[in-house]
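Here is what each chain is made of, one letter per residue.
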Amino acid sequence: MFIHIGGDNVIRSEEVVSIIDYAFVSSSTINDEMIANQRQANNVLDLHQEETKSVVITTDRIYYSPLAVLTLKKRANMIATISKLDDYSSEEMLEDT
């Protein structure tokens, strides 16, 4: 499944490692160093469209998102719930009749 993280960016939910509040990222020297290293490797995508509220870390990139951590968490949880639902496609409905 996929998660819309703001702007025109959609990522695979399986690739998400962490979602961190932007205010906490700059307060940690370890986070600053990690992001600096990833910037040098061109693995950071800053969405610049709106104020950054969260940082989404995936297996291969770091995204700055204008969406709050809680919003992204709700979207991720909704996707997890949807993926657990039974599939009642029209083919299965026809087989039951």
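Here the residue numbering is sequential within each chain, running from 1 through the sequence in written order. With pLDDT at 70 or above as the cut-off, local features in this predicted model cover only qualifying residues; side-chain atom pairs require 80 or more to be listed or tallied, and sums for whole chains, interfaces and linings still use all residues. Remark: hydrogens and water are excluded; side-chain values derive from all non-hydrogen atoms of the structure.

A. Inspection of the overall build of the chain at higher detail. Tallying secondary structure elements over the chain gives four helices and six strands in all. Note on conventions: DSSP H or I runs of at least 4 residues are helices, E runs of at least 2 residues are strands, and numbering of each starts at the N terminus. Moving toward the C terminus, one meets the helices and strands of the chain in the order β-β-β-α-α-β-β-β-α-α. Sorting the 97 residues of the chain into buried and exposed places 27% on the buried side. Relative to all contacts within the chain whose residues are 6 or more apart in sequence, the contacts with residues 24 or more apart total 50%. Calculation of accessible area relied on Shrake-Rupley with a 1.4 Å probe; when residues are assessed, cover is drawn exclusively from the protein chains displayed. Accessible surface for the chain amounts to roughly 6900 Å². Of this, 51% is attributable to carbon and sulfur atoms. Residue burial is assigned from relative accessible area. The probe radius is 1.4 Å, only protein chains are included, and a residue is buried under 20% of its type maximum, exposed over 50%, and partly exposed in between. Contacts: residue pairs with any heavy atoms within 4.5 Å of one another.

B. Highlighting the pairing of strand β6 (residues 62-65). Burial along β6 is two-sided: Ile 62 and Tyr 64 and Tyr 63 and Ser 65, pointing in opposite directions, are all buried. In this sheet, β6 lies alongside strand β4 (residues 44-46) in parallel orientation, the contact comprising three bridges. Across the sheet, residue Asp 46 finds its bridge partner in β6, namely Tyr 64. Should DSSP find at least two bridges between two strands, the strands are taken to pair. For strand β5 (residues 54-58) and β6, the ladder comprises four bridges, and the chain directions are antiparallel. In the sheet register, Ile 57 faces β6, and the bridge partner there is Ile 62. Hairpin remark: β5 followed by β6, antiparallel, with three residues in the connecting loop.

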